[in-house]
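Results of the structural survey
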Protein chains: 2
Amino acid sequence: MAENRTRYAILGALTLEPMSGYDLKRFADESVAHFWAESYGQIYPILKQLVAEKLIAPTTRKRTGPRDRVAYAITDRGREVLRGWLSEPAEHQIGRIEILLKLFFARNAAPGDAIRIVEAFRGDYLAKLGRYEGTEVRLRAERGDRADLPYWLMTLSYGRQISSALVAWADETIAALRRLARESNSPS
Amino acid sequence: MAENRTRYAILGALTLEPMSGYDLKRFADESVAHFWAESYGQIYPILKQLVAEKLIAPTTRKRTGPRDRVAYAITDRGREVLRGWLSEPAEHQIGRIEILLKLFFARNAAPGDAIRIVEAFRGDYLAKLGRYEGTEVRLRAERGDRADLPYWLMTLSYGRQISSALVAWADETIAALRRLARESNSPS
DNA sequence: TAGAGCATGTAATAGGTTACATGATTAG
DNA sequence: CTAATCATGTAACCTATTACATGCTCTA
């Protein structure tokens, strides 16, 4: 069973600085959103668990906003556990890719449907590609001092390479689908 | 909420021929395994649901093996529902990519760990790449008659392109990690 | 003074995997 | 005879998302 990775995402984020549940969600949304998502429904219960296991500890409350804010800091044991996880190979998920499921059964679809779907897919990834470029520029400018920066850029590069491979695949696939449509219209 | 896609996977498979729950699992394992997985715990309950909704119907039992085997056939309503789903754009999942999470926090890891992990990752995708080539040859030979073949090849191409992009990314990333390690050992 | 953002949390639900139970038959 | 394969199913569990509740404070 895929062990709960949210725990490690939280431990990892807390190595950067102490954060509250709210902070963690914000952090996830702006930094790792392109390959990782977290929801409050996961974060808060797991924060409690981690405190019980002494992997993190609440720091003194601060009043930064309209409400008290409990920031959690990672403990030495927390760092050990994180390091342990980091030393294990990454499980690779089988991943369910919806567009491929549709394409696999596309013979049952109306003629233009498959093409439209792949075109939309292409558009999504082209847009992502643009955003990655932007993020890289911004990261280098704002976070050029961070020792973590090189690692962050590696994750961005992953996104960039996947996206451009998928745009290329979409182009090829759209061409093939058009060919198929022509052939079935005018069977020589 | 991501509507239950297993329903459509089953409906789609039953357009090829009537199948039992057992058959469906086998079919998934050998045809769409590289982008879709199904488990019995999903298949059997959903078969019942689909029967109740009249999207599929049990055919007469056959004795092909040591036990009775109930094959289900898709109904006209089932085909309609499938076509409806096929006409909608594919939702794209945010996807949680574990190796990127590890890399993102890799500054906390022991020196060689990140490199080892990316190397293992590279090996996995290189192996996949080889399997895709094999599958394509086999498919063309065994299923060259199937009208669905062109669609199936498109899903294979996706796998091939993703895999080779990821091998390239891994190469680049391993090089970058080695550079980082050298720099931290001998800070000029 | 209304609404947006801050901040924490929970309950309901969905979607899925794993492990197990059951029992027949066939191949080695 | 024993193990593997055929075949169907279920219960327990895990992970995660969504939607909601609460209530404060700052801004327009």
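Residues numbered from 1 in each chain as written. Chains lettered and ligands numbered in written order. Predicted model: local features only at pLDDT ≥ 70, side-chain atom pairs only at ≥ 80, totals over all residues. Heavy atoms only, no water.

Moving on: helix H6 (residues 113-143) of chain B. For H6 of chain B, spanning 31 residues, the distance from its first C-alpha to its last is 44 Å, which sits close to the expected 45 Å at 1.5 Å a residue. Residues Asp 113, Ala 114, Ile 115, Ile 117, Val 118, Phe 121, Tyr 125, Lys 128, Leu 129, Tyr 132, Glu 136 and Leu 139 of chain B constitute the buried set of H6 of chain B. (Helix = DSSP H or I, 4+ residues; strand = E, 2+ residues; numbered from the N terminus. Expected span 1.5 Å × (residues − 1). Buried < 20%, exposed > 50% of the residue type's maximum accessible area, 1.4 Å probe, protein only.)

Let's shift gears to the side chain of Asp 148 of chain A. Its location among the elements puts Asp 148 of chain A in the loop between helix H6 (113-143) and helix H7 (149-185). Among the residues examined, Asp 148 of chain A registers a relative accessible area of 4% and is labelled buried. Separated by 3.4 Å, the side chains of Asp 148 of chain A and Arg 107 of chain B make a polar contact. Apart from residues lying up to four places away in sequence, Asp 148 of chain A is in contact with Leu 16 of chain A together with Arg 107 of chain B. (Polar contact = N/O pair within 3.5 Å; in protein donor to acceptor, adjacent residues only side chain to side chain. Contact = heavy atoms within 4.5 Å.)

Next up on the list: the domain arrangement of chain A. Residues and elements named next belong to chain A. Taken as a whole, chain A is organised into domain 1 (6-86) and domain 2 (98-185). For domain 1 versus domain 2, the distance between C-alpha centres works out to 31 Å. In this complex, domain 1 contributes 4 residues to the contact, which on the side of domain 2 involves 7 residues. Roughly 420 Å² is buried in total at the junction of domain 1 and domain 2, and carbon and sulfur atoms are behind 57% of that figure. In terms of surface lost to domain 2, no three residues of domain 1 exceed Leu 16, His 34 and Phe 35, which account for 85% of the buried area on that side. Taken together, the connections running from domain 1 to domain 2 amount to 0 salt bridges. (Domains from an automatic or database assignment. Buried area = accessible area lost by both parts, 1.4 Å probe. Salt bridge = Lys/Arg side-chain N within 4 Å of Asp/Glu carboxyl O.)

It is worth spelling out the interface of chain A and chain B at this point. Listed as interface residues are 71 residues of chain A and, on the opposing side, 71 residues of chain B. For the chain A and chain B pair, buried surface summed over both sides reaches about 7,100 Å², with 65% attributable to carbon and sulfur atoms. Contact with chain B buries surface across chain A, with Arg 96, Phe 104 and Tyr 158 of chain A losing the most and accounting together for 13% of the total. Joining chain A to chain B, the criterion identifies 6 salt bridges. One salt bridge connects Arg 5 of chain B with Glu 98 of chain A, and the closest N-O pair in it is separated by 3.2 Å. Counting only elements with at least two residues in the side of chain A that touches chain B, the list comes to helix H1 (6-14), helix H2 (21-32), helix H4 (76-87), helix H5 (98-104), H6 and H7 of chain A. With 18 residues, the top contributor of residues to the side of chain A that touches chain B is H7 of chain A.

Here we come to the packing of aromatic side chains. Overall, the coordinates contain 20 aromatic pairs over all chains when judged by the stated rule. With 5.0 Å between their ring centres and 5° between their planes, Trp 152 of chain A and Phe 104 of chain B make a pair best called stacked. Of this pair, Trp 152 of chain A sits in helix H7 while Phe 104 of chain B is found in helix H5 (residues 98-104), placing the two residues in two different chains. Overall, Phe 104 of chain B belongs to the buried group, its relative accessible area being 3%. Ring geometry for Phe 121 of chain B against Tyr 125 of chain B: centres 4.8 Å apart, planes inclined by 45°, an arrangement best described as tilted. Pair noted here: Phe 121 of chain B and Tyr 125 of chain B are both in helix H6, with a separation of 4 residues, about one helical turn. Each of the two residues, Phe 121 of chain B as well as Tyr 125 of chain B, counts as buried. The ring of Tyr 8 of chain A is capped by Arg 7 of chain A, whose NZ or CZ atom sits 6.0 Å from the centre of that ring. The ring of Trp 85 of chain B has Lys 102 of chain A lying over it, and the distance from NZ or CZ to the ring centre is 4.3 Å. (Phe/Tyr/Trp six-rings, centres within 6.5 Å; stacked < 30°, edge-to-face > 60°. Lys NZ or Arg CZ within 6 Å of the ring centre and 35° of its normal.)

This paragraph deals with a nonpolar patch on the surface. Residue and element names in this part refer to chain A. On the surface, a nonpolar cluster with roughly 320 Å² of combined accessible area is contributed by Tyr 22, Tyr 40 and Tyr 44. Along the chain, Tyr 22 falls in helix H2. We classify Tyr 22 as partly exposed; its relative accessible area is 45%. (Patch = residues over 30% accessible without salt bridge, like charges linked within 9 Å, V, L, I, M, F, W, Y side chains within 5 Å. Areas by Shrake-Rupley, 256 points an atom, 1.4 Å probe, with all protein chains shown as cover.)

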